Amino acid sequence: MPQRPPEERIRDFYEVPLGLSEWAAVEEAKRCLKCKTPQCVKGCPVEIDIPGFIELLAQGNFDEAIVKIKEKNNLPAICGRVCPQEDQCEVQCVLGKKGQPIAIGYLERFLADYEREKGVRSPSLPHSRNRKVAVIGSGPAGLTCAGDLAKMGYRVTIFEALHAPGGVLIYGIPEFRLPKAIVAQEVHYVQSLGVEIQLSRVIGKTYTLDDLRDAGYEAFFIGTGAGLPYFLEIPGENLNGVYSANEFLTRSNLMKAYLFPKFDTPVKIGRRVAVIGGGNVAMDSARTALRLGAEEVCLVYRRTKKEMPARVEEVERAEEEGVNCIILTNPVRFVGNENGWVTGIECIQMELGEPDESGRRRPVPVPGSEFVIPIDTVVVAIGQGPNPLFLESVPGLNLNRKGYIVADPETGATNLRGVFAGGDIVTGAATVISAMGAGKKAARAIERFLEAPDSFPQWR
Amino acid sequence: MAKIIRKETLAPQIKLMVVDAPWVARKAKAGQFVVLRITEEGERIPLTIADFDPKAGTVIIIFQEVGKSTMLLGTLEEGDEILDFVGPLGREIEEKNFGHVVCVGGGVGIAPTYPKAKALKEKGNRITSIIGARTKTMLFWEEKMREVSDELFVTTDDGTYGEKGFVTQVLERILKNEKVDLVIAVGPVIMMKMVSVITKPHDVPTLVSLNPIMVDGTGMCGCCRVTVGGKCKFTCVDGPVFDGHKVNFDELLARQRIYLEEEQRALELWTVEKAKEEASRVV
Ligand SMILES: Cc1cc2nc3c(=O)[nH]c(=O)nc-3n(C[C@H](O)[C@H](O)[C@H](O)COP(=O)(O)OP(=O)(O)OC[C@H]3O[C@@H](n4cnc5c(N)ncnc54)[C@H](O)[C@@H]3O)c2cc1C
Ligand SMILES: Cc1cc2nc3c(=O)[nH]c(=O)nc-3n(C[C@H](O)[C@H](O)[C@H](O)COP(=O)(O)OP(=O)(O)OC[C@H]3O[C@@H](n4cnc5c(N)ncnc54)[C@H](O)[C@@H]3O)c2cc1C
Ligand code: SF4
Ligand code: FES
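Residues numbered from 1 in each chain as written. Chains lettered and ligands numbered in written order. Predicted model: local features only at pLDDT ≥ 70, side-chain atom pairs only at ≥ 80, totals over all residues. Heavy atoms only, no water.

Visitor: So, the confidence of the model for chain B: which residues are in play, and what are the values?
Guide: In this model, chain B carries an average pLDDT of 92, and 99% of its residues clear a pLDDT of 70 or more. For this predicted complex, the interface confidence comes out at an ipTM of 0.92, alongside a pTM of 0.93. (pLDDT = per-residue confidence, 0-100.)

Visitor: Provide a residue-level description of the interface of chain A and chain B, including the pertinent values.
Guide: Facing 42 residues of chain A, the contacting portion of chain B comprises 44 residues. Summing the contributions of chain A and of chain B, the shared interface buries around 3,600 Å²; its carbon and sulfur component is 54%. Of all residues in chain A, K205, N238 and D264 of chain A give up the largest surface area on contact with chain B, accounting jointly for 20% of the area buried on that side. Across the chain A-chain B interface, the total number found is five salt bridges. Residue E262 of chain B is joined to K268 of chain A by a salt bridge in which the shortest nitrogen-to-oxygen separation is 3.1 Å. (Contact = heavy atoms within 4.5 Å. Buried area = accessible area lost by both parts, 1.4 Å probe. Salt bridge = Lys/Arg side-chain N within 4 Å of Asp/Glu carboxyl O.)

Visitor: Describe the site of ligand 2, with residues and values.
Guide: All names here are of chain B. Taken together, 22 residues lie near ligand 2, and P46, I62, Q64, T70 and N211 sit nearest. The separation between an oxygen atom of ligand 2 and a polar side-chain atom of E43 is 3.2 Å. Within the contact set of ligand 2, an oxygen atom lies 3.2 Å away from a side-chain nitrogen or oxygen of E263. The fraction of the free accessible surface of ligand 2 (880 Å²) that becomes covered by protein chains is 82%. Counting residues per element, the ones that place at least two in the shell around ligand 2 are β4 (45-48), β6 (58-64), α2 (68-75) and α9 (260-282). Ranked by residues supplied to the shell around ligand 2, first place goes to β4 with four residues. Taken together, the residues of the shell around ligand 2 sort by class into twelve nonpolar, seven polar and three charged. (Near = heavy atom within 4 Å. Polar contact = N/O pair within 3.5 Å; in protein donor to acceptor, adjacent residues only side chain to side chain. Areas by Shrake-Rupley, 256 points an atom, 1.4 Å probe, with all protein chains shown as cover. Helix = DSSP H or I, 4+ residues; strand = E, 2+ residues; numbered from the N terminus. Nonpolar A, V, L, I, M, F, W, Y, C, P; charged D, E, K, R; others polar.)

Visitor: Go over the nonpolar core, please, and point to the residues and values.
Guide: One finds F53, L57 and F420 of chain A to be the most contacted residues of the largest nonpolar core, which totals 81 residues. Looking at which element gives the most residues to this core, the answer is helix α18 (residues 432-451) of chain A, with ten residues. Sequence-distant contacts of L57 of chain A, that is, excluding residues within four places in its chain, are made with A25, V26, A29, F62, A65, L107, F110 and L111 of chain A. Judged by nonpolar contacts, the second largest core, of 45 residues, contains Y217 and F390 of chain A together with V34 and I61 of chain B. (Core = buried A, V, L, I, M, F, W, Y, C linked by side-chain atoms within 4.5 Å. Buried < 20%, exposed > 50% of the residue type's maximum accessible area, 1.4 Å probe, protein only.)

Visitor: Account for the packing of helix α2 (residues 22-30) of chain A against helix α4 (residues 50-58) of chain A, with residues named and values stated.
Guide: Packed helices, taken two at a time, are described by the angle between their axes plus the distance between the axes. Residue and element names in this part refer to chain A. Look at α2 against α4: their axes get within 8 Å of each other, and the N-to-C directions meet at 125°. In terms of axis orientation, α2 runs oblique to α4. In terms of crossing hand, the pair formed by α2 and α4 is left-handed. Seen from α2, the contacting residues are A25, V26, A29 and K30; seen from α4, they are I54, L57 and A58. For the contact of α2 with α4, the residue count by class is six nonpolar, no polar and one charged. (Axes fitted to C-alpha atoms, helices over the stretch in contact; angles between N-to-C directions. Parallel < 35°, antiparallel > 145°, perpendicular 65-115°, else oblique. Left-handed = near helix turned anticlockwise from the far one by under 90°.)

Visitor: Pulling in residues and values, what's your account of the packing of α4 of chain A against helix α8 (residues 104-118) of chain A?
Guide: Residues and elements named next belong to chain A. Contact pair α4 / α8: the axes reach a minimum separation of 11 Å and the direction vectors enclose 60°. In terms of axis orientation, α4 runs oblique to α8. The chirality of how α4 crosses α8 is left-handed. Residues I50, F53, I54 and L57 of α4 lie in contact with α8, whose contacting residues are I104, L107, E108, F110 and L111. Looking at the contact of α4 with α8 residue by residue, the classes come out as eight nonpolar, no polar and one charged.

Visitor: Go over the site of ligand 1, please, and point to the residues and values.
Guide: Residues and elements named next belong to chain A. Every one of the 34 residues lining ligand 1 counts as a neighbour, but V82, A141, E160, R177 and I203 are closest to it. G167 places a main-chain nitrogen or oxygen 3.4 Å from an oxygen atom of ligand 1. In this structure, an oxygen atom belonging to ligand 1 sits 3.4 Å away from a main-chain N or O atom of T431. Here ligand 1 has 1,000 Å² of accessible area as a free molecule, and 94% of this is covered by the chains. Elements supplying a minimum of two residues to the shell around ligand 1: α9 (140-151), α14 (280-291) and α18.

Visitor: I'd like a rundown of the sheet that holds β4 of chain B, residues and numbers included.
Guide: All names here are of chain B. Spatial ordering of the open sheet is given by β4-β3-β8, a layout of three strands whose pairing is antiparallel. Of all the strands in the sheet, just β4 and β8 (84-89) have a single pairing partner and so form its edges. Shown here is a sheet whose adjacent strand axes are inclined to one another by a mean of 25°, direction ignored. Across four bridges, strand β3 (residues 33-37) lies against β8 in antiparallel orientation. By the bridge assignment for β8, L36 is matched with F85. (Pairing = 2+ DSSP bridges.)

Visitor: How would you sum up the pattern of salt bridges? Please name residues and give values.
Guide: The full count for this structure, using the stated rule, is 59 salt bridges over all chains. In this structure, the salt-bridge partner of R81 of chain A is D113 of chain A, at a minimum N-O distance of 3.0 Å. One end of the pair, R81 of chain A, is in helix α6 (residues 76-82); the other, D113 of chain A, is in helix α8, and 32 residues separate them in sequence. With respect to burial, R81 of chain A and D113 of chain A carry one shared label: buried. Its salt-bridge partner being D150 of chain B, residue K121 of chain B comes within 3.0 Å of it at the nearest N-O pair. A residue pair is termed long-range when its members are at least 10 positions apart, and K121 of chain B in helix α3 (residues 110-122) and D150 of chain B in the loop between α4 (142-147) and β11 (151-156) qualify at 29 residues. Overlapping salt bridges bring together R9, E86, R177, D284, R287, R291, R311, E313, E314, R317, E320 and E321 of chain A as one network.

Below is the structure:
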């Protein structure tokens, strides 16, 4: 897919890849073999009829092609942009065994964009079943679960703590990878299916699950995500200028700090910025820092590039844009000045030892190798965990050792009757599409629960 | 959206609003706060719940106009709506009988002191309150504080009303002469720090209500982190009330200043815009 050159794109927040032309999309679609037992579909957590939509696209029937996708996926413009297709459907595509797999993600994006430009149509769905379901959290898991339940005819309300719906899609993933207008439009589509969204309602504080039960909700889906930022817990971490990735990205995305002072929320960006971590969140933070005007951005990672959890494509884009990876390096302390501002990171060199439980070789410090990197701003992007705010308000809910909700992987059922969960709050930080897959399975299970409660023996 | 039902000016730059927000009023407890946003371009700012009426579904906020967001809030009138009004957030204070509780409120901090004094009075505590302001005109809610206190002391820095000096000197006197079981202090960070310094040698448990910069207020961003007893805490979910003897106040003071330049710029721009607007209205 054509993309904007790095010199140009690091000066603004507009999208980097430009999308396929009509001609290129049709030619790509024509390569599909229409396999009898299509492998690609097995890789898709929301079960899109991939050869089905590709065939319609190849025939030039874009209108029906997008309808085909939306039978299963309410958020195609989002998935077409941020899904790791290379590990999902495309890795399974038979064409990939010898040459290039079909660019399924690009085709999905093409159709979603085509429809958006024409104006999205919504099916009219009367509330055929007058029963209420509450969905907590409006991330991809919650939106999918709510959308599917609405299509089945239930009355669904999503409760969202923030003032805008979308979860990580709106506060985490930057505008240049996923324009917020596109998220807004797909959320609007879910609303047009009959889903009500109540913003600025923190479940556990504003209402408890019991309050919602009293208000007539009969089943619950918890999709509160893994929003708690982890810190390194080393000296100096509360110095001014040290951000969590969540704060840094939330200020920039949700609060639009890149448009300060038109928008009131500022973000501090120094001349030299260091991002700690090697995942997608670290890449997003580094690329955001560049666009906010940093002169030098480096990524401090304790293993090597091979072990970085980020998508290869994202690491490449970051490097193209000038992000400098400092590998086999771990921070031990933040250094500050007398006014409480960070001025440097004391690091220690690492080397790779034996593999640990994650299968990656464990980084071990090299004694005596400490050195200081001078910096003005730090973004700590070493991962997130489950936010306890909501979980504490539900006594008796089963959590695992790390604090995530224990839920049946096939249904999302928790140990509490009528309470289902899915997405990052169950799996830990994962992907948009796996969260959507969990939302979809839970929607089906919630229908089963509402129509035949006894089919869940654990709650009898 | 939350409608402003009543607005009052308590002192120059200090305003009170009664807000129609039944979803907050129904759950509110002493010690908690709300996060609000006024415009689509606006910041999310935290304000303490100064009082609440679950039956009427209303919440009272009291704020000092210190920067762009609070000044903008101050321009809203009765009948106007606040765009987002989230809460109640944070943990409530423990409501039980401690014995003799001294409540110290400084400046706009008098407002968040009130619900705590009220709740503890209802639990049978003996309440001594000390409220203070820079000058007489800045003082408010003296009568309301008196209603929930067994004894009330008032100070002004310049001696224009009550006793001349700081709230801390009254506190020191009380600590010398009486048994105190708990001190609660809300006000400028420097005041809360001084209160904690004073109560420490007397070994009196001291609670302070911290006011760091916040973004979401739900534990998602980590902006509001403070060091308490050597551990990193998030004020919005672990607080805002903490043990004053364990808080690293100097770190908090530094963290409150992170955006000083930007706040200044936003304020100047806004003032200029407002002046232009007013000029065009005159023409
Ligand atoms: C910076 C970043 C970049 C990423 N990039 C990619 C990518 O390119 N591709 C990809 O596939 N994945 C990516 N991910 C991961 C992906 O975004 C997540 O796996 C996915 O969003 C999880 O969805 P979710 O619905 O479980 O939770 P979330 O998206 O986290 O949504 C949870 C929602 O619940 C709300 N909530 C929480 N508590 C409460 C409460 N008590 N009451 C009401 N509401 C509440 C939150 O405010 C939030 O809106 C990225 C993640 C981050 C942080
Ligand atoms: C839990 C909590 C409860 C609060 N309750 C109240 C309340 O009941 N009434 C009230 O008036 N304020 C309260 N505050 C403080 C209030 O949130 C800030 O005054 C407000 O956010 C300032 O926004 P602004 O844009 O108007 O000013 P800014 O432009 O952000 O700041 C202007 C000036 O005020 C200073 N300032 C900013 N934030 C604070 C702060 N938190 N404490 C002290 N000085 C600050 C800045 O350093 C700057 O000099 C509370 C804060 C917290 C965290
Ligand atoms: S596996 Fe590849 S070639 Fe086969 S149907 Fe799917 S996309 Fe087409
Ligand atoms: S304000 Fe974001 S974690 Fe407290």
